[in-house]
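This is what each chain is made of:
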Amino acid sequence: MSCAAFIHEPAPEHPGWFTWTLNDDSRFNAVALGPMVIRREGERAARVRLLELERRHSNMHGNVHGGVTLALIDVAMFATMFSVLGAEVAGSVTLDLHNQFIGAGRIGEPLDVCCEIMRETRRLVFLRGTVEQGETLVSSFLGTLRKPSVR
């Protein structure tokens, strides 16, 4: 399975995981977030891991900034759509993202998004999930993606 906009291949340093990287490392995902990996978990779900959380990802309290968490969720929804459905994600858009912050993420530890596809229609994909760091639940979310338009 491949996608022209992303590098999705086995991650040798993370057995069982695949890379999820834009081909253009000057774009938001690489610049603002950093390296990510993904693995399928069951029929309809995937786990996306942000590997390196650094000071640049922190808020004034020294925890993971909420904007980083939301951006990671957004990226994870697209990665899950690709990984689970094999769907083209370039040209897809986020229609909504409802998030509830539950706990604080820590700098220096990987952050995981566990994302599940609830339903797929001809044009839409409905997802839900959680953001976790070890045993800590950081947030829960619901989101909707619109598939790319056929041109």
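Residues numbered from 1 in each chain as written. Predicted model: local features only at pLDDT ≥ 70, side-chain atom pairs only at ≥ 80, totals over all residues. Heavy atoms only, no water.

This part covers the overall build of the chain. Of regular secondary structure, the chain possesses two helices and nine strands. When the helices and strands of the chain are read in sequence order from the N terminus, they spell out β-β-β-α-β-β-α-β-β-β-β. C-alpha extents for the chain along the principal axes are approximately 45 × 30 × 30 Å. A sequence separation of at least 24 residues applies to 55% of the contacts in the chain between residues at least 6 apart. Here the chain has roughly 8,000 Å² of accessible surface; of this, 52% comes from carbon and sulfur atoms. Charge-centre separation for the chain: the mean point of 16 positive side chains lies 8 Å from the mean point of 17 negative side chains. (Helix = DSSP H or I, 4+ residues; strand = E, 2+ residues; numbered from the N terminus. Contact = heavy atoms within 4.5 Å. Areas by Shrake-Rupley, 256 points an atom, 1.4 Å probe, with all protein chains shown as cover. Lys, Arg positive; Asp, Glu negative; His and termini not counted. Charge placed at Lys NZ, Arg CZ, Asp CG, Glu CD.)

This part is about the environment of L145. Tracing the chain through its elements places L145 in strand β9 (residues 136-146). Owing to a relative accessible area of 0%, L145 belongs among the buried residues under this scheme. Beyond its immediate chain neighbours, meaning those up to four positions away, L145 contacts M77, F78, M81, V93, T94, L95, R123, L124, V125 and L127. (Buried < 20%, exposed > 50% of the residue type's maximum accessible area, 1.4 Å probe, protein only.)

Next up on the list: the nonpolar core. Core analysis: the largest hydrophobic core is formed by 35 residues, its most contacted members being W20 and V113. Where this core is concerned, the elements lending two or more residues are β4 (36-40), β5 (45-50), α2 (66-85), β7 (111-120), β8 (124-133) and β9. A total of twelve residues in this core trace back to one element, the largest contributor, which is α2. Among all residues touching W20, those that are not within four sequence positions of it are F6, I7, H8, M36, V37, I38, V75, F78, A79, F82 and V89. (Core = buried A, V, L, I, M, F, W, Y, C linked by side-chain atoms within 4.5 Å.)

Once that is clear, we can look at the pattern of salt bridges. Oppositely charged side chains may form a pair once their charged atoms are brought near each other. Across all of its chains, the model carries nine salt bridges by this definition. A salt bridge links E109 to R106; its shortest N-O distance comes to 2.8 Å. Look at E109 and you get partly exposed, because its relative accessible area is 30%. Of the charged contacts, one joins E116 and R128 as a salt bridge, the two residues approaching to 3.2 Å between their closest N and O atoms. One end of the pair, E116, is in strand β7; the other, R128, is in strand β8, with twelve residues separating them in the sequence. Of the residues examined, E116 reaches a relative accessible area of 29% and is grouped as partly exposed. A single salt-bridge network, built from bridges that share partners, covers R39, E41, R47, R49, D112 and E132. (Salt bridge = Lys/Arg side-chain N within 4 Å of Asp/Glu carboxyl O.)

Across the six residues that make up β5, a large majority, five, are buried. Across five bridges, the pairing between β4 and β5 is antiparallel. Along β5, the bridge assignment pairs I38 with V48. The antiparallel hairpin formed by β4 and β5 contains four residues in its connecting segment, where G42 sits at a positive phi of about 85°. (Pairing = 2+ DSSP bridges.)

Quick look at the sheet that holds strand β2 (residues 18-19) now. The strand order β2-β4-β5-β7-β8-β9-β6 describes an open sheet built from seven strands, whose pairing is antiparallel. Bordering the open sheet on either side are β2 and β6 (93-101), each of which pairs with just one other strand.

All right, on to α2 then. The first and last C-alpha atoms of α2 sit 28 Å apart over 20 residues, in line with the 28 Å expected at 1.5 Å per residue. Among the 20 residues in α2, 15 count as buried, and that is most of the element. Looking one or two residues beyond α2, the residue adopting positive phi is G86, at roughly 70°. (Expected span 1.5 Å × (residues − 1).)

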